[in-house]
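Listed below, chain by chain, are the residues.
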Amino acid sequence: MEFYKIAYTFLRKSNVKVSRAYLRERLESHPDYPSLKALTDILDEFNVDNRVIKLLAKDDLESMYFPVLALYANDDSTELKILSKYPSESELLSFTGVVVVLEGKKKIKHEEHNSVYYKEKTERILFISLLFFGILFSLLKFSLVSNGFVLTYLILSYIGLSLSIATVLLDIGSSTLLSNLFCNIEEDSCRKVTNSRIGKFFGYFGLADFAVVYFLFLILITTFFDLIGLESLQSTLLMINAASFLLSLFLLGYQLSIRSWCKLCLGITTTIWLQALCLFYFVGYDNLNVSLKIGEILNLFLFIVISSVWLIVKPLVSLKMTNTHQAIRIRKWRQDPEWFHALLPLHRTVDLELWEQEICYGNRDGILQIMVISSPFCEYCAKAHFELDKIFQKYS
């Protein structure tokens, strides 16, 4: 597991409300990433009380407040583990005795982070609400309709849509729970299939995109089948399922030829085949027929509309992913200490001798003196004055 994911899981288990995206950006842009120093520096900036402790005896771990982030050393590598309870004897063998613990304040006090966190929370609530009401509407609708064929087809379409979206996100570099179950983001076989000429047969619009549009289309026409009629629904499903079935066979043959198997793609293929079996089982071979009446034409027009909408939505998702990576690179460049040391000699040396008319707080002859050079128009200088006032109140 990537370091930022371990850090995020540790903070969530410690009841720290943190933005995953912002934490990733700050950690991966840190000069010492991945390291405990990177994590503790960010926690200090977040005003979250934390300590890195080197236990003299491994048994001292029993007295710690769990969860803790523990450092393990193997043959030639180190590994971080989140401990929610005292580890077993076998786990203690490779334990280095170094742990990160959170104590005291666990509420993040960081304006930029909190702004991102509440924005993410609002988007998440909106998405979950839309998904919940969409599924609830479908369930309520079909609880009043005793049609096993339509209900089975709808459930399979939801499963296929979930697998398809996971495949698209994997292709643009984002992992999900489903993609982690089927394919790792670093796994070559999945990436080899999705990034192939067959995987992107229309350039930007690939097989995974076709699958998303296909299953979205099926969900819509099966949910509102009473508006178009059962006969029109069956005719449309026969046409589009036959095309997708042939496409899935072609994809299987291609994966066999390159000797690479995308498990998510296989899951989508299995769903399509189950839908074909469902169609023949419930409707029967003799009752299936293809016609191009007004209902079928409207359904095909709906498929084109969904494809067009997806061509607009996908670039927005990709842009958000690209912006995340760019933000990490820009922040990392800005925080590179080599740039600081390179530019420092070019700046004018500031005279540190005290001037009689300078503003001075506290004892002018005090042992500890802090000289501040700031601008009255600088936002960060203004924030620094508040922190300096706290230090003055505490130690004066």
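That block above? That's the structure.
Rules behind the numbers
- Residues numbered from 1 in each chain as written.
- Predicted model: local features only at pLDDT ≥ 70, side-chain atom pairs only at ≥ 80, totals over all residues.
- Heavy atoms only, no water.
- Helix = DSSP H or I, 4+ residues; strand = E, 2+ residues; numbered from the N terminus.
- Buried < 20%, exposed > 50% of the residue type's maximum accessible area, 1.4 Å probe, protein only.
- Contact = heavy atoms within 4.5 Å.
- Areas by Shrake-Rupley, 256 points an atom, 1.4 Å probe, with all protein chains shown as cover.
- Axes fitted to C-alpha atoms, helices over the stretch in contact; angles between N-to-C directions.
- Parallel < 35°, antiparallel > 145°, perpendicular 65-115°, else oblique.
- Left-handed = near helix turned anticlockwise from the far one by under 90°.
- Nonpolar A, V, L, I, M, F, W, Y, C, P; charged D, E, K, R; others polar.
- Patch = residues over 30% accessible without salt bridge, like charges linked within 9 Å, V, L, I, M, F, W, Y side chains within 5 Å.
- Salt bridge = Lys/Arg side-chain N within 4 Å of Asp/Glu carboxyl O.
- Lys, Arg positive; Asp, Glu negative; His and termini not counted.
- Charge placed at Lys NZ, Arg CZ, Asp CG, Glu CD.
- Phe/Tyr/Trp six-rings, centres within 6.5 Å; stacked < 30°, edge-to-face > 60°.
- Core = buried A, V, L, I, M, F, W, Y, C linked by side-chain atoms within 4.5 Å.
- Expected span 1.5 Å × (residues − 1).
- Polar contact = N/O pair within 3.5 Å; in protein donor to acceptor, adjacent residues only side chain to side chain.
- Pairing = 2+ DSSP bridges.

**Description of the overall build of the protein chain**
Next, step 1: A count of helical and extended segments in the protein chain gives 15 helices and four strands.
Next, step 2: For the protein chain, the proportion of its 396 residues judged to be buried stands at 38%.
Next, step 3: Sequence separation of 24 or more characterises 70% of the internal contacts of the protein chain that already satisfy a separation of 6 or more.
Next, step 4: Only carbon and sulfur atoms are counted for the fraction: they give 63% of the accessible area of the protein chain, which is about 24,900 Å².

**Quick word on the packing of helix α6 (residues 148-171) against helix α11 (residues 230-258)**
Next, step 1: Relative orientation of the contacting elements α6 and α11 amounts to 40 degrees, with a least axis distance of 12 Å. Between α6 and α11, the angle is such that the two are oblique. For the element pair α6 and α11, the recorded crossing hand is left-handed. Residues Phe 149, Val 150 and Tyr 153 of α6 form the contact with α11, whose participating residues are Leu 230, Leu 233, Gln 234, Leu 237 and Asn 241.
Next, step 2: Among the residues making up the contact of α6 with α11, the classes are represented as six nonpolar, two polar and no charged.

**Some words on a positive patch on the surface**
Next, step 1: A surface patch of like charges, here positive, comprises Arg 12, Lys 17, Lys 105, Lys 107, Lys 109, Lys 121 and Arg 124.
Next, step 2: Relative to the helices and strands, Arg 124 resides in helix α5 (residues 111-143).
Next, step 3: When its relative accessible area of 41% is taken as the criterion, Arg 124 is described as partly exposed.

**With respect to the packing of helix α1 (residues 3-13) against helix α2 (residues 20-28)**
Next, step 1: Across the interface, α1 lies against α2 with an axial gap of 10 Å and an inter-helix angle of 130 degrees. Taken together, the axes of α1 and α2 lie oblique to each other. The hand of the α1/α2 crossing is right-handed. Packed against α1, whose contacting residues are Phe 3, Tyr 4, Lys 5, Ala 7, Tyr 8 and Leu 11, the element α2 presents Arg 20, Leu 23, Arg 24, Leu 27 and Glu 28 at the interface.

**Description of the environment of Val 309**
Next, step 1: Take Val 309: it is sitting in helix α13 (residues 294-334).
Next, step 2: Val 309 sits 96 residues away from Val 213 along the chain, and the two C-alpha atoms are 9.2 Å apart.

**A few points about the environment of Cys 381**
Next, step 1: Structurally, the position occupied by Cys 381 is in helix α15 (residues 379-395).
Next, step 2: Sequence-distant contacts of Cys 381, that is, excluding residues within four places in its chain, are made with Ser 374 and Ser 375.

**Looking at the packing of aromatic side chains**
Next, step 1: For the structure on display, the rule yields eight aromatic pairs.
Next, step 2: Taking 5.6 Å as the distance between ring centres and 50 degrees as the angle between the ring planes, the aromatic pair formed by Tyr 72 and Phe 95 counts as tilted. One end of the pair, Tyr 72, is in strand β2 (residues 68-73); the other, Phe 95, is in strand β4 (residues 95-102), and 23 residues separate them in sequence.
Next, step 3: With a relative accessible area of 0%, Tyr 72 lands in the buried category.
Next, step 4: Geometrically, the ring pair formed by Tyr 117 and Tyr 118 is edge-to-face, given 5.2 Å between the ring centres and 75 degrees between the ring planes.

**A look at the pattern of salt bridges**
Next, step 1: In the structure shown here, the tally under the stated rule is five salt bridges.
Next, step 2: One network of salt bridges, with partners in common, ties together Asp 32, Lys 37 and Asp 41.

**A word on the side chain of Glu 28**
Next, step 1: Checked against the element boundaries, Glu 28 lands in helix α2.
Next, step 2: With sequence-adjacent residues up to four places away left out, Glu 28 is seen in contact with Glu 2, Tyr 4, Tyr 33, Ile 328 and Lys 332.

**Quick word on the nonpolar core**
Next, step 1: Core analysis: the largest hydrophobic core is formed by 37 residues, its most contacted members being Phe 149, Tyr 153, Tyr 214, Phe 215, Leu 218 and Leu 237.
Next, step 2: Counting only elements with at least two residues in this core, the list comes to α6, α9 (207-223), α11, α12 (263-283) and α13.
Next, step 3: Counting residues in each nonpolar core, the second largest holds 26 residues, with Phe 3, Val 16, Val 18 and Val 100 among its members.

**Focus on α11**
Every α-helix carries 3.6 residues per turn, so stepping three or four residues along brings you back to the same face.
Next, step 1: The end-to-end C-alpha separation of α11 is 41 Å, in line with the 42 Å expected for 29 residues at 1.5 Å each.
Next, step 2: Of the residues one or two after α11, Arg 259 is the one with positive phi, at around 60 degrees.

**Regarding helix α3 (residues 36-45)**
Next, step 1: Along α3, the residues that are buried comprise Leu 36, Ala 38, Leu 39, Thr 40, Ile 42 and Leu 43.
Next, step 2: On its buried face, α3 sits against α1, α2, β1 (50-54), β2, β3 (78-83) and β4.
Next, step 3: Looking one or two places after α3, you find Asn 47, whose phi comes out positive at around 60 degrees.

**Examining the side chain of Ser 157**
Next, step 1: Looking at the element boundaries, Ser 157 is found in helix α6.
Next, step 2: Relative accessible area serves as the criterion here: at 0%, Ser 157 is assigned to the buried category.
Next, step 3: At 3.0 Å, the side chain of Ser 157 and the side chain of Gln 275 are in polar contact.
Next, step 4: In contact with Ser 157, not counting residues within four places along its chain, are Phe 215, Leu 218, Ile 219 and Gln 275.

**Some points on the sheet that holds β2**
Next, step 1: Taken in spatial order, the four strands line up as β1-β4-β2-β3 in an open sheet, and their pairing is antiparallel. In this open sheet, the two edge strands, each paired with only one partner strand, are β1 and β3. Taking the axes of each pair of neighbouring strands and ignoring which way they run, one obtains an average angle of 25 degrees across the sheet.
Next, step 2: In this sheet, β3 lies alongside β2 in antiparallel orientation, the contact comprising six bridges. The residue of β3 that forms the bridge with Leu 71 is Leu 80.
Next, step 3: Along the sheet, α1 makes contact with β2, β3 and β4, crossing β3 at roughly 20 degrees.
Next, step 4: Each of β1, β2, β3 and β4 touches α3; the most contacted strand, β1, lies at about 150 degrees to it.

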